[in-house]
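Here is how the chains run, residue by residue.
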Amino acid sequence: MAACPAGWQDTPTNPPPPPFRDINPQAPTHVLVIPKVHYPDAASLAAAEPGVAADILREAAQVAADEKIDDHGYRIVFNTGSGAGQTVWHAHAHVLGGRGLQWPPG
């Protein structure tokens, strides 16, 4: 798993970064999946480019399999809006697992 790609720049010739570990993990496995296309949140991404949203979900499932948390359960989170804890205004998914995740969260 890659480290956070510090200084990564979104340019037409630069592919999106590979999934990478969150710098402030909330679970033993906490990996970010980030698309190249820019939308401020998951809702606007899904409305404009549902295929990209589906790609993110497929990639998140692959991360779970690679991290060997797919058999035990994992959570995919899209924070949308500041009230939901969104602090980065570029749509991305969090893949969390490796411990019990209670419901409701937070």
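Residues numbered from 1 in each chain as written. Predicted model: local features only at pLDDT ≥ 70, side-chain atom pairs only at ≥ 80, totals over all residues. Heavy atoms only, no water.

### Thoughts on the side chain of Thr29
Working step 1: Checked against the element boundaries, Thr29 lands in strand β2 (residues 29-33).
Working step 2: Apart from residues lying up to four places away in sequence, Thr29 is in contact with Glu67, Ile69, Val95, Leu96 and Gly97. (Helix = DSSP H or I, 4+ residues; strand = E, 2+ residues; numbered from the N terminus. Contact = heavy atoms within 4.5 Å.)

### So, the nonpolar core
Working step 1: With 14 residues, the main nonpolar core has Val33, Leu45, Ile56, Val63 and Val95 as its most contacted residues.
Working step 2: Listed by contribution, the elements that provide at least two residues to this core are β2, α2 (50-66) and β4 (93-97).
Working step 3: Per-element tally for this core: the top contributor is α2, with six residues.
Working step 4: Apart from residues no more than four positions distant in its own chain, Val95 is found in contact with Thr29, His30, Val31, Val33, Ala60, Val63, Ile69, Tyr74 and Arg75. (Core = buried A, V, L, I, M, F, W, Y, C linked by side-chain atoms within 4.5 Å. Buried < 20%, exposed > 50% of the residue type's maximum accessible area, 1.4 Å probe, protein only.)

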